[in-house]
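Tertiary structure, described
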Number of protein chains: 2
Amino acid sequence: MNPVIEEQLKQAGLKITRQRTAILSLLIEGDVHLSAEQIYFALKTKGEAFGLATVYRTLTLLEQAGILAKTEIPGSGRQSYFYTAGGHRHQLLCTGCGRIILLKSCPAEAFLKAVEEEYDFAVTGHSFEIFGLCPDCRKKAGQEERHVH
Amino acid sequence: MNPVIEEQLKQAGLKITRQRTAILSLLIEGDVHLSAEQIYFALKTKGEAFGLATVYRTLTLLEQAGILAKTEIPGSGRQSYFYTAGGHRHQLLCTGCGRIILLKSCPAEAFLKAVEEEYDFAVTGHSFEIFGLCPDCRKKAGQEERHVH
DNA sequence: ATTGTAAATGATAATCATTCTCATTAAGGA
DNA sequence: TCCTTAATGAGAATGATTATCATTTACAAT
């Protein structure tokens, strides 16, 4: 079992339960963003059926602890959660397969500092999400397009 | 009446109705981000009571036309809409009074181009929202803090 | 101006993601 | 192993948003 998972839960002062471990594991090892419902059914398929309420509770808890982040994938009408890899909050979110790709650099930080001064604005939070297709899905989309023609 | 409002609706191929005009006017002239419910009650107070469903419909329509953008103000649990001033999608959103402040520069564009190439990722959309307190609210918050001590 | 027609609106019911409740179960320190 | 407290499960409740459909309105053509 991935030792990162227990570590993350312990650091957040959370009890280690089967449910929390399974949910975090799914997000960390899959490298994907998933909605509560997707997680619920993924676990059910694996033979680990937890209550949907527990999934929601766990996701909210892990988000508050800074372990996960959430965002609404455009057009989905629901929230998706993903692992932030130690506070790292900037990634590419594939709307095709759900993959998330960590960005090597964080462009926002320096910019936000400049904003604070230039606009006398007390920045308390920000979101910077990039949606699109990962290399694999991009390739697939290109092939399908060719089929149509 | 603000000529910008009719112009925006016409350009989007939308019929000009009392309801649409009133809703857009509220957002453009107030320079604020508002939720559907806030708009509903603001109009009711003004003596212009439209159906809540119409407010939702209009907001969705204007968002699809690119005239408005929506975002979830953290912790609010609902969507807020704001005028994008001709596709301009980057602004400061005050969580105190709702004011929105247009950014003079758009830091994301150049960065996204670089992302496309470096990660072979087909960017189809992005959100970059900055939350915080505008100069006025920042001042007020500071004063209240002093009172507490 | 009047009319015709498709689109917009209003009122309310329906939907559905998310949260709450509370009885039961499990985690983990003593 | 026991005890205490927190976590979970199942289903009800909530509440923001969407759908329905009868009525009204915008606006192009007459």
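All values derive from a computational prediction rather than experimental measurement.

Turning our attention to the sheet that holds strand 2 (residues 68–72) of chain A. Residues and elements named next belong to chain A. A sheet is described by the order of its strands in space; here three strands give the open sequence 1-3-2, paired in antiparallel fashion. The open sheet has two edge strands, strand 1 (34–35) and strand 2, and neither has a second partner. As paired strands, strand 2 and strand 3 (residues 79–83) are joined by five bridges and run antiparallel to one another. Residue pairing in the sheet places Lys70 in a bridge with Tyr81 of strand 3.

Here the focus is the packing of aromatic side chains. Summed over all chains, the structure comprises five aromatic pairs over all chains. When the centroid spacing of 4.9 Å and the interplanar angle of 55° are considered together, the rings of A:Phe128 and B:Phe128 count as tilted. You can see A:Phe128 sitting in strand 6 (residues 122–133) and its partner B:Phe128 sitting in strand 6 (residues 122–133), one on each of two chains. Ring geometry for B:Tyr40 and B:Phe41: centres 5.1 Å apart, planes at 75°, overall edge-to-face. Among the residues examined, B:Phe41 registers a relative accessible area of 42% and is labelled partly exposed. Taken together, the ring pairs connect A:Phe111, A:Phe128, B:Phe111 and B:Phe128 into an aromatic cluster.

On to the protein's contact with DNA strand C, then. By nearness alone, 17 residues border DNA strand C, and A:Ile16, A:Tyr56, B:Thr17, B:Gln19 and B:Thr54 come closest of all. Backbone atoms, meaning sugar and phosphate, form 72% of the atoms of DNA strand C found within 4 Å of the protein. Here a phosphate oxygen of DNA strand C sits 3.3 Å away from a polar atom, N or O, in the main chain of A:Gln79. In this structure, a sugar or linking oxygen belonging to DNA strand C sits 3.3 Å away from a side-chain N or O atom of B:Lys15. For the surface near DNA strand C, the secondary structure elements donating two or more residues are helix 4 (52–64) of chain A together with helix 2 (18–30) and helix 4 (52–64) of chain B. Considering every element that reaches the surface near DNA strand C, the biggest residue donor is helix 4 of chain A, with four residues. Class assignment for the residues of the surface near DNA strand C results in five nonpolar, six polar and six charged.

On to the sheet that holds strand 2 (residues 68–72) of chain B, then. Residue and element names in this part refer to chain B. Judged by pairing direction, the sheet is antiparallel, and its three strands sit side by side in the order 1-3-2 without closing on themselves. One side of each edge strand has no neighbouring strand; the edge strands of this open sheet are strand 1 (34–35) and strand 2. Here two bridges tie strand 1 to strand 3 (residues 79–83), and the two strands are oriented antiparallel to one another. Residue pairing across strands places Ser35 opposite Ser80, the latter belonging to strand 3. Running over the sheet, helix 2 touches strand 1, strand 2 and strand 3 and is turned about 75° from strand 3.

On to the confidence of the model for chain A, then. Counting all residues, the mean pLDDT for chain A is 87, and 95% of those residues have values of 70 or more. No element of chain A has a lower mean pLDDT than helix 6 (residues 135–148) of chain A, at 78, and none a higher one than strand 1 of chain A, at 96.

All names here are of chain B. Look at helix 2 against helix 4: their axes get within 10 Å of each other, and the N-to-C directions meet at 70°. Overall, the two elements helix 2 and helix 4 adopt an arrangement that is roughly perpendicular. By crossing handedness, the relation of helix 2 to helix 4 is classed as right-handed. Each of Gln19, Arg20, Ile23, Leu24 and Leu27 in helix 2 lies in contact with helix 4, whose residues at this interface are Thr54, Val55, Thr58, Leu59, Leu61 and Leu62.

As a matter of local geometry, DNA strand D sits amid 18 residues, with A:Thr17, A:Gln19, A:Thr54, A:Arg57 and B:Tyr56 nearest to it. Near the protein, meaning within 4 Å, the atoms of DNA strand D are sugar or phosphate in a fraction of 72%, with bases accounting for the rest. B:Tyr56 places a side-chain nitrogen or oxygen 2.6 Å from a phosphate oxygen of DNA strand D. In the model, a phosphate oxygen of DNA strand D is placed 3.0 Å from a nitrogen or oxygen of the B:Arg78 side chain. The set of elements that each furnish at least two residues to the surface near DNA strand D consists of helix 2 (18–30) and helix 4 of chain A together with helix 4 of chain B. For the surface near DNA strand D, a count of residues per class yields five nonpolar, seven polar and six charged.

A word on the interface of chain A and chain B. Contact residues are listed per partner, giving 36 residues for chain A and 36 residues for chain B. Here chain A and chain B share an interface that buries about 3,000 Å² over both sides, 60% of which is from carbon and sulfur atoms. It is A:Phe111, A:Tyr119 and A:Phe121 that lose the most area in chain A upon contact with chain B, and together they represent 23% of the buried surface on that side. The interface formed by chain A and chain B holds five salt bridges in total.

What counts as what
- Residues numbered from 1 in each chain as written.
- Chains lettered and ligands numbered in written order.
- Predicted model: local features only at pLDDT ≥ 70, side-chain atom pairs only at ≥ 80, totals over all residues.
- Heavy atoms only, no water.
- Pairing = 2+ DSSP bridges.
- Helix = DSSP H or I, 4+ residues; strand = E, 2+ residues; numbered from the N terminus.
- Phe/Tyr/Trp six-rings, centres within 6.5 Å; stacked < 30°, edge-to-face > 60°.
- Buried < 20%, exposed > 50% of the residue type's maximum accessible area, 1.4 Å probe, protein only.
- Near = heavy atom within 4 Å.
- Polar contact = N/O pair within 3.5 Å; in protein donor to acceptor, adjacent residues only side chain to side chain.
- Nonpolar A, V, L, I, M, F, W, Y, C, P; charged D, E, K, R; others polar.
- Contact = heavy atoms within 4.5 Å.
- Axes fitted to C-alpha atoms, helices over the stretch in contact; angles between N-to-C directions.
- pLDDT = per-residue confidence, 0-100.
- Parallel < 35°, antiparallel > 145°, perpendicular 65-115°, else oblique.
- Left-handed = near helix turned anticlockwise from the far one by under 90°.
- Buried area = accessible area lost by both parts, 1.4 Å probe.
- Salt bridge = Lys/Arg side-chain N within 4 Å of Asp/Glu carboxyl O.

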